[in-house]
Amino acid sequence: WSRYRYLEAYPRLFAHFKLRLDPMFVELEEILRSADGVRGVLDVGTGYGVPACWLLERFPDARVCGVEPEAERVRVAAMALGERGTVTQGRAPEIPQVERPADLGTLIDMLHFLADDEVALTLQRVRERLGAGALLLVRVSLVPTRRRLPWSWWVQNLLLRAGRVPVFYRPMLRVAELVAAAGFSVERTLPSGADGELAWLVARTP
């Protein structure tokens, strides 16, 4: 959170509550418990950069190469990452080149904004920029299976519809198929949080 301390109120508060309320960070610590030697992270859909900054704290020798479509989020994320990362403005499947093959690729809460052909090309390009044995972490937004859909999910989707933003929710099995087709070995899937709205897929390059 200290990386956002001197930024404007909104990104500062966003980072604060994201770190406190999103189960992602506890889950990442468990997923990455045995991961060592990560020096390069390719982050697709960087947003304000909170997960990327967390990874920099987790891996002190790492640098982040990120891509994000919204200019304001690019600006904030670049400031938060500082000298240990770069963020390019672009929309997947636009994936920036990396100086050396990355050890970790992350696609967090963004695949549902892409159609199947865009997902396939994005994963293919990410695969080309990762080194041998590199990890791929994907967090996927799912349609909740609870009898009563949560209000937060409804509100989010109403806002997307109002903004005419197309979304493509997929079952985890379909996501795993797309990841495997791009040349990754899917290792496991696991839930994120307790509501059934998010899930992790962990894969690895050969």
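The structure displayed is predicted, hence computed values, not measured ones.

Colleague: Please explain the overall build of the chain as it appears in this structure.
Modeller: Helix and strand counts for the chain stand at 7 helices and 7 strands. Taking 17 Å as the expected radius of gyration for a compact globule of 206 residues, we find that the chain reaches 16 Å, a close match to that expectation. Over its C-alpha atoms, taken along the principal directions, the chain stretches across nearly 45 × 40 × 30 Å. For the chain, the proportion of its 206 residues judged to be buried stands at 47%. For the chain, restricting intrachain contacts to residue pairs at least 6 apart in sequence, the fraction spanning at least 24 positions comes to 67%. Here the chain displays about 10,900 Å² of accessible surface, and carbon together with sulfur accounts for 55% of that area. When the 27 basic and 25 acidic side-chain charges of the chain are each reduced to a single mean position, those positions are 3 Å apart.

Colleague: What am I meant to see in the pairing of strand S3 (residues 85-89) here?
Modeller: Sheet faces and side chains relate simply in a regular strand, where the side chains alternate between the two faces. Both strand S2 (residues 63-68) and S3 contribute to a ladder of 5 bridges, which runs parallel. Counterpart to Glu68 in the pairing with S3 is Gln89. At this point the chain moves from S2, through helix H4 (residues 71-81), to the parallel S3, and the crossover so formed is right-handed.

Colleague: Would you explain a nonpolar patch on the surface in this entry?
Modeller: A contiguous nonpolar patch, built from Leu13, Phe17 and Leu21 and spanning about 320 Å² of accessible area, is present on the exposed surface. By the secondary structure assignment, Leu13 is in helix H1 (residues 9-21).

Colleague: How do you make sense of helix H5 (residues 116-129) when you look at a structure like this?
Modeller: Since the α-helix advances by 3.6 residues per turn, residues separated by three or four positions end up pointing in the same direction. Given a rise of 1.5 Å per residue, 14 residues ought to cover 20 Å, and the 20 Å separating the end C-alpha atoms of H5 matches this to within 8%. Burial in H5 covers these residues: Val119, Thr122, Leu123, Val126 and Arg129. One side of H5 carries all its buried residues, which in axial view fall inside an arc of 125°. Every exposed residue of H5 that faces more than 90 degrees away from the buried side is listed here: Asp117 and Glu128. Considering only its buried residues, H5 is in contact with strand S1 (40-44), strand S4 (102-108), strand S5 (130-141) and helix H7 (172-181).

Colleague: Looking at this model, I keep getting lost on the side chain of Thr106. Mind explaining?
Modeller: Along the chain, Thr106 falls in strand S4. Setting aside residues up to four positions removed in sequence, Thr106 forms contacts with Val41, Leu42, Asp43, Val44, Leu55 and Leu137.

Colleague: Sorry if this is basic, but what is going on with the packing of aromatic side chains here?
Modeller: Evaluated as defined, the whole model comprises 4 aromatic pairs. Relative to Tyr48, the ring of Phe14 has its centre 5.1 Å away and its plane inclined at 55°; by these criteria the two rings are tilted. Note that Phe14 is positioned in helix H1 and Tyr48 in the loop between S1 and helix H3 (50-58), a separation of 34 residues in sequence. When the centroid spacing of 6.3 Å and the interplanar angle of 45° are considered together, the rings of Phe25 and Trp54 count as tilted. Linking Phe25 in helix H2 (residues 24-31) with Trp54 in helix H3, this pair joins segments that are 29 residues apart in sequence. Take Phe25 and Trp54: they sit in the same class, and that class is buried. Grouped by ring-pair contacts, the aromatic residues Tyr10, Phe14 and Tyr48 constitute a single cluster.

Colleague: Explanation requested: the sheet that holds S5 in the structure shown.
Modeller: Two modes of strand pairing occur in sheets, parallel and antiparallel, and in both the strands are linked by backbone hydrogen bonds. Reading across from one edge, S3-S2-S1-S4-S5-S7-S6 is the order of the 7 strands in this open sheet, with mixed pairing throughout. The open sheet has two free edges, formed respectively by S3 and strand S6 (185-192), since each of these has just one partner strand. In this sheet, neighbouring strand axes are inclined to one another by 15° on average, regardless of whether the strands run parallel or antiparallel. In this structure, S4 lies alongside S5, joined through 6 bridges in parallel fashion. Within the sheet, the bridge partner assigned to Thr106 lies in S5 and is Leu137.

Colleague: Would you mind going over the environment of Phe168 with me for this structure?
Modeller: Tracing the backbone through its elements, the reader meets Phe168 in the loop between helix H6 (151-162) and H7. When neighbours within four sequence positions are excluded, Phe168 is seen to be in contact with His112, Phe113, Leu114 and Ala115.

Reading the values: the criteria
Residues numbered from 1 in each chain as written. Predicted model: local features only at pLDDT ≥ 70, side-chain atom pairs only at ≥ 80, totals over all residues. Heavy atoms only, no water. Helix = DSSP H or I, 4+ residues; strand = E, 2+ residues; numbered from the N terminus. Rg over C-alpha atoms; globule rule 2.2 N^0.38 Å. Buried < 20%, exposed > 50% of the residue type's maximum accessible area, 1.4 Å probe, protein only. Contact = heavy atoms within 4.5 Å. Areas by Shrake-Rupley, 256 points an atom, 1.4 Å probe, with all protein chains shown as cover. Lys, Arg positive; Asp, Glu negative; His and termini not counted. Charge placed at Lys NZ, Arg CZ, Asp CG, Glu CD. Pairing = 2+ DSSP bridges. Right-handed = clockwise from strand over helix to strand, strands pointing away. Patch = residues over 30% accessible without salt bridge, like charges linked within 9 Å, V, L, I, M, F, W, Y side chains within 5 Å. Salt bridge = Lys/Arg side-chain N within 4 Å of Asp/Glu carboxyl O. Expected span 1.5 Å × (residues − 1). Arc of directions from axis to C-beta. Phe/Tyr/Trp six-rings, centres within 6.5 Å; stacked < 30°, edge-to-face > 60°. Axes fitted to C-alpha atoms, helices over the stretch in contact; angles between N-to-C directions.

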